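Notes for the structure review
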Amino acid sequence: MLRESLRSFIEKELAPHAEEWEQQGCFPHDEVFKRLGELGFLGITLPEKYGGADAGFVSSIVFAEEMVGCNSGGVGASIGLHTNIALPYVADLGTEEQKQKYLIPGTKGELIGSLGVTEPGAGSDVASIRTHASRDGDDYVINGSKIFITNGGIADYVILAAKTDREAGHAGISLFLVDRGTPGFVVSRDLDKLGWRTCNTAELAFDDVRVPRSAMLGEEGQGFYNIMAHFQEERLFLAVGSVAGAQKALELASEYAKERVQFGRPIANFQVTRHKIADMATEIEAARQLVYNTIRLHVEQEDCQAEVAMCKLYACEMATRVMNEAIQIFGGYGYMMEYPVQRMWRDARINTIGGGTSEIQREIIGRLILR
Ligand SMILES: Cc1cc2nc3c(=O)[nH]c(=O)nc-3n(C[C@H](O)[C@H](O)[C@H](O)COP(=O)(O)OP(=O)(O)OC[C@H]3O[C@@H](n4cnc5c(N)ncnc54)[C@H](O)[C@@H]3O)c2cc1C
């Protein structure tokens, strides 16, 4: 039911605007988020008392799969970051006061969230962040900067990672909920990107930003571990979105191959095209089985750290390969902005970088196997 209602909403209210929004390089986020909230699509896994639907994790996987129907990776990324990443952080780690403040308007689409971990000098190596929060009476004073923050320029708050103890290494990082408009917190730059063009990605600066102790999210010193724990689901969302995107590229390429005639016959009749399609379909199915099985392990609370990293690695790399082949099947038309495959490839390209690069996933898998 969720899949059907989401699909129908996306087909009617989001997909028809994709071209226009891509041209503009943004989408009417306030309007779209409020409409999603009205229809009950935000925070579906959250408890009903905070506006959620108490639906299980699998429902958010359905959500991530269906978002591909937006025809604009940026729209899916912006919505997904809020509902599948920011809201769960607050739901899992927040105090009652924080839940009341962020979850209820968050599920209505009235408050948009972002997650600020990456810094100009600290990407894969999260523990090396330099943003610092120093204790001053009952407050913390934050100084530093963040980069590549999805929704950073449009969000009402950022879940911010900062060092509260510079000497404590991994155990020296804490999370804070910092509201837009807090003096000293500025969006220094909106970033221009290869893909996800409708989604805001920003650089943020924090200059003596004073927040009360009650703005800390989760326990002091637990920030790094909480980020790593939430990475598990974030990686599954990226993997499942990659499979759904690759499936769509396969379908578009198959239809085109049956219609496009060269040398007097549809290009689908050339064995080389059939084999390309066969390889694409096989890779997609392999990734789908890996991802679905890992989701099952995750839901059953089995230890599946290696499998999650495998999903992220394989599904995200698979999607860029499949989309690359889809462009090849479309020939010159595949390279044209008016054909959607180029955008699918540009939008999918981030998936092997964001949420932990492919190289980091290989490190995780290798270390776990060799331990
Ligand atoms: C569009 C977009 C949206 C994003 N959204 C967010 C967001 O909302 N919030 C947020 O906090 N971050 C966000 N990010 C940041 C993203 O998570 C980082 O880009 C990513 O973690 C990689 O960090 P980096 O870019 O600094 O690359 P680096 O860590 O500098 O890596 C550069 C290269 O070195 C390799 N490398 C690094 N360390 C190792 C190692 N130990 N072994 C082998 N190879 C290694 C990497 O794999 C990569 O190929 C976003 C990024 C983009 C592009």
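Preceding this section is the structure that the text describes.
In this text, all values refer to a predicted model and were calculated from it rather than measured experimentally.

1. Concerning the overall build of the protein
- From N to C terminus, the protein includes 11 helices and 10 strands.
- Here the C-alpha coordinates of the protein stretch approximately 80 × 50 × 35 Å along the principal axes.
- Taking all contacts inside the protein whose residues are at least 6 apart in sequence as the whole, residues at least 24 apart take part in 73%.
- Of the roughly 17,000 Å² of accessible surface on the protein, a fraction of 51% belongs to carbon and sulfur atoms.
- Put simply, the protein has 37 plus and 51 minus side-chain charges, and the middle of one group is 4 Å from the middle of the other.

2. Focus: the side chain of Thr164
- Assignment of secondary structure puts Thr164 in the loop between strand E4 (157-163) and strand E5 (173-179).
- Among the polar contacts listed, one links the side chain of Thr164 to the side chain of Ser174, at a separation of 2.6 Å.
- If we ignore the near neighbours within four places in the chain, the residues touching Thr164 are Ala133, Tyr140, Gly172, Ile173, Ser174, Phe176, Met216, Glu220 and Gly221.

3. Topic: unusual backbone geometry
- A positive phi angle is found at Phe148, which is not glycine, with a value near 65 degrees.
- Located in the positive-phi region is Asp208, a residue other than glycine, with phi close to 50 degrees.
- Mapped onto the elements, Asp208 comes out in strand E7 (residues 201-212).

4. Some details on the state of the cysteines
- This structure, assessed with the given rule, holds zero disulfides.
- There is no disulfide at Cys304, and the cysteine sulfur nearest it, in Cys311, is 8.2 Å away.
- Judged by relative accessible area, which is 4%, Cys304 ranks as buried.

5. Description of empty space enclosed by the protein
- Going through the model one piece at a time under the given rule, you end up with one cavity of 30 Å³ or more.
- One number sums up the size of the largest cavity: a volume of about 60 Å³.
- Lining the largest cavity, in full, are Asn84, Ile85, Pro88, Tyr89, His230, Glu233, Glu234 and Phe237.
- Contributions of two or more residues to the lining of the largest cavity are made by helix H5 (73-93) and helix H7 (223-259).
- Residue composition of the lining of the largest cavity, grouped by class: four nonpolar, two polar and two charged.

6. Things to note about the packing of aromatic side chains
- Taken as a whole and assessed by the stated rule, the structure comprises 11 aromatic pairs.
- Measuring from ring centre to ring centre gives 5.7 Å for Phe9 and Phe41, while their planes differ by 45 degrees; the resulting arrangement is tilted. Residue Phe9 is located in helix H1 (residues 2-14), and its partner Phe41 is located in the loop between helix H3 (29-38) and helix H4 (57-66); the two are separated by 32 residues in the primary sequence. Comparing Phe9 with Phe41 shows no difference in burial state: the two are buried.
- Taken together, Tyr256, Phe330, Tyr333 and Tyr339 form an aromatic cluster joined through their ring pairs.
- One residue, Arg235, lies across the ring of Phe231, its end atom 4.2 Å from the ring centre.

7. Brief notes about the layout of surface pockets
- A volume near 440 Å³ is recorded for the second largest pocket.
- In terms of lining residues, the second largest pocket is bounded by 17 residues, among which Arg7, Glu66, Ala244, Lys248 and Glu251 are the most central.
- Contributions of two or more residues to the lining of the second largest pocket are made by H1, H4, H7 and helix H8 (271-299).
- For the lining of the second largest pocket, the element with the highest residue contribution is H7, accounting for seven residues.

8. Let's talk about the nonpolar core
- By size, the foremost hydrophobic cluster in this structure holds 38 residues, and its most contacted members are Met280 and Val291.
- Ignoring sequence-local partners within four residues, the contact set of Met280 consists of Leu250, Ala253, Val322, Glu325, Ala326 and Ile329.
- Of all hydrophobic cores here, the second largest spans 29 residues; its members include Leu46, Ala91, Leu93 and Leu217.

9. Regarding the site of the ligand
- Surveying the vicinity of the ligand reveals 17 residues, the closest of which are Thr118, Ser124, Phe148, Thr357 and Glu359.
- Between the ligand and Leu115 there is a distance of 2.8 Å, counted from a nitrogen atom to a backbone nitrogen or oxygen.
- Residue Thr150 places a side-chain N or O atom 2.8 Å away from a nitrogen atom belonging to the ligand.
- Taking 970 Å² as the accessible area of the ligand by itself, protein coverage stands at 63%.
- When contributions to the shell around the ligand are tallied by element, the ones reaching two or more residues are strand E1 (113-116), strand E3 (139-150) and helix H11 (358-370).
- For the shell around the ligand, the element with the highest residue contribution is E3, accounting for three residues.
- Of the residues belonging to the shell around the ligand, the class tally is eight nonpolar, seven polar and two charged.

10. Remarks on the packing of helix H9 (residues 305-330) against helix H10 (residues 340-348)
- At a closest axis distance of 9 Å, the pairing of H9 and H10 adopts a crossing angle of 160 degrees. Our classification of the angle between H9 and H10 gives roughly antiparallel. Considering only the axes of H9 and H10, their crossing is left-handed. Of H10, the residues touching H9 (which contributes Thr320, Met323, Asn324, Ala326, Ile327 and Phe330) are Val341, Gln342, Met344, Trp345 and Ala348.
- Counted by class, the contact of H9 with H10 contains eight nonpolar, three polar and no charged residues.

11. Thoughts on H10
- Of all nine residues in H10, seven are buried; the element is thus mostly enclosed.
- The set of residues buried in H10 consists of Val341, Gln342, Arg343, Met344, Arg346, Asp347 and Ala348.
- Contact partners of the buried residues in H10: helix H2 (18-24), H5, H7 and H9.

Definitions and cut-offs
Residues numbered from 1 in each chain as written. Predicted model: local features only at pLDDT ≥ 70, side-chain atom pairs only at ≥ 80, totals over all residues. Heavy atoms only, no water. Helix = DSSP H or I, 4+ residues; strand = E, 2+ residues; numbered from the N terminus. Contact = heavy atoms within 4.5 Å. Areas by Shrake-Rupley, 256 points an atom, 1.4 Å probe, with all protein chains shown as cover. Lys, Arg positive; Asp, Glu negative; His and termini not counted. Charge placed at Lys NZ, Arg CZ, Asp CG, Glu CD. Polar contact = N/O pair within 3.5 Å; in protein donor to acceptor, adjacent residues only side chain to side chain. Disulfide = S-S within 2.5 Å. Buried < 20%, exposed > 50% of the residue type's maximum accessible area, 1.4 Å probe, protein only. 1 Å grid on protein atoms, 1.4 Å probe; cavity = no way out; pocket = protein on both sides within 12 Å on 5 of 7 lines; lining within 4 Å. Points joined across faces, edges and corners; volume = space filled by probe spheres on them. Nonpolar A, V, L, I, M, F, W, Y, C, P; charged D, E, K, R; others polar. Phe/Tyr/Trp six-rings, centres within 6.5 Å; stacked < 30°, edge-to-face > 60°. Lys NZ or Arg CZ within 6 Å of the ring centre and 35° of its normal. Core = buried A, V, L, I, M, F, W, Y, C linked by side-chain atoms within 4.5 Å. Near = heavy atom within 4 Å. Axes fitted to C-alpha atoms, helices over the stretch in contact; angles between N-to-C directions. Parallel < 35°, antiparallel > 145°, perpendicular 65-115°, else oblique. Left-handed = near helix turned anticlockwise from the far one by under 90°.

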